[in-house]
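Now for the letters of each chain:
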Amino acid sequence: MPPRQASSCLLASLCMRCLSGFPVIFVTGLLLWAYYAYVVVLCGQLLGSLVEKALFGTVFSALWIILFVAYYKAINTPAGAPPEQFYLSGAQVAEYEAIVDEDKEQEMEKKKDLLMKFGENLPLHNRLPNGGLRYCGACKLIKPDRAHHCSLCKTCVLKMDHHCPWVNNCVGYGNYKFFILFLMYTTVFCLFTAISVLPTFISSWGSFGSSHHHRTSDVSRNETSNDGLVLSTSQRLQIIFLFFLAAVFCFSVCFLNFFHMYLLTNNSTTLENGRAPYFTYGQDGKGYNLGIRQNIRQVMGHDVLYWFLPLGRGLGNGYEFPLRKQSGIGEADRLLSPADERGAAALSGDESDRV
């Protein structure tokens, strides 16, 4: 590659990295500002009752901390990569790619048969519509069940749900619990903020409107609201923006939260909801549905006490999943054992917090 072209590619790559990280910086900045506006401005300067200051400040801080932790766990926890056993060897890749036939149907059939031979000892239930195994030409591997290739991360992801720009990461087996908690606590956090700020917002809006009739050159002057609360211009603006942002985010994230609650309780993903997966017995949109409680446990963990904490991760290993049509419960218990450490090879990081 010519030096000039190489420099252009490097510059483009750096620009893409900066742009991909912007949503995370934006959300982090909003969270930090929200904490200042609520705890310092509202609780510290505007609320008169010590009980209100302590109660609102404590609840807000607790929600803010757990939301912040869940958010950064969703960002920094790998979604999960397929283990080595699913990758084809160099010789197998060469043999697969050497199959060329003028009759494309014959070529596809030969490649299908060869992949079936390569994957005969792999734990696979998902199939293509033609009954063949799913192959990723970019990663040179046979895709594990529920795994998909992410064009942005340039890798296959275990139990991939989607690529989320707001966490600058794929959402999959390894971090889906944290993503669910992030959505859940964002909804609760914004709802609590909007409701608790509402009385002060009404006062701020009233004083902000009345100040238009008495403008002066001092932008930091104080204005008295309809209920006697003295507010500076900075305080009014911060309370107004805090309320509007909390209300807008609560409304928008609420729908996304309900959608993922639906996916969670039905043991599905965004990709599977859009197109039902194929199995050895045919297409089945409810192939992994084991019942609401078992579906939730598969993502959130065995212990109910840990369901609402950003600790641990889902059950199993990320590439083997019990099916609705499997007979008996023994196989499901084996695949979803809390002591199952087979997923360690697919995920980096400390496994000591597995629930």
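Residues numbered from 1 in each chain as written. Predicted model: local features only at pLDDT ≥ 70, side-chain atom pairs only at ≥ 80, totals over all residues. Heavy atoms only, no water.

Turning our attention to the nonpolar core. The biggest cluster of nonpolar side chains holds 53 residues, and the ones touching the most others in it are Tyr38, Phe189 and Val197. Those elements that place two or more of their residues in this core are α1 (3–46), α2 (50–76), α5 (176–210), α6 (233–266) and α8 (292–300). Ranked by residue count, the leading element in this core is α5, at 15 residues. Among residues more than four places away in sequence, those in contact with Val197 are Tyr38, Leu42, Ile239, Leu242 and Phe243. Counting 17 residues, the second largest nonpolar core, distinct from the first, contains Phe118, Leu133, Ile142 and Tyr319. (Core = buried A, V, L, I, M, F, W, Y, C linked by side-chain atoms within 4.5 Å. Buried < 20%, exposed > 50% of the residue type's maximum accessible area, 1.4 Å probe, protein only. Helix = DSSP H or I, 4+ residues; strand = E, 2+ residues; numbered from the N terminus. Contact = heavy atoms within 4.5 Å.)

Turning next to α8. Within α8, seven of the nine residues are buried, which leaves the element mostly enclosed by the surrounding structure. What α8 keeps buried is the set Gln294, Asn295, Ile296, Arg297, Gln298, Val299 and Met300.

Here we take up the environment of Lys112. Residue position: Lys112 is located in helix α4 (residues 104–118). Considered as a pair, Lys112 and Gly132 are 20 residues apart in the sequence and their alpha carbons are 5.4 Å apart. Contact partners of Lys112, with chain neighbours within four places excluded, come to Asn130, Gly131 and Gly132.

What follows is about the packing of α6 against α8. α8 packs onto α6 with a crossing angle of 105° between their chain directions and a minimal axis gap of 6 Å. The orientation of α6 with respect to α8, classified from their angle, is roughly perpendicular. Residues Leu264, Thr265 and Asn266 of α6 form the contact with α8, whose own contacting residues are Ile292, Asn295, Ile296 and Val299. (Axes fitted to C-alpha atoms, helices over the stretch in contact; angles between N-to-C directions. Parallel < 35°, antiparallel > 145°, perpendicular 65-115°, else oblique.)

Within the protein chain, residue pLDDT values average 85, and 80% of them lie at 70 or more. The least confident element of the protein chain is strand β8 (residues 222–224), whose mean pLDDT is 52; the most confident is strand β3 (residues 141–142), at 97. Counted against residues more than four places away or in other chains, residues 211–221, with its pLDDT under 50, gives twelve contacts. (pLDDT = per-residue confidence, 0-100.)

Here three strands make up an open sheet; going across it, the order is β1-β10-β11 and the pairing antiparallel. At either margin of the open sheet sits one strand with a lone partner, and together these are β1 (126–127) and β11 (282–283). By the bridge criterion, two bridges tie β1 to strand β10 (residues 278–279) in an arrangement that is antiparallel. Looking at β10, one finds that Asn126 is bridged to Phe279. (Pairing = 2+ DSSP bridges.)

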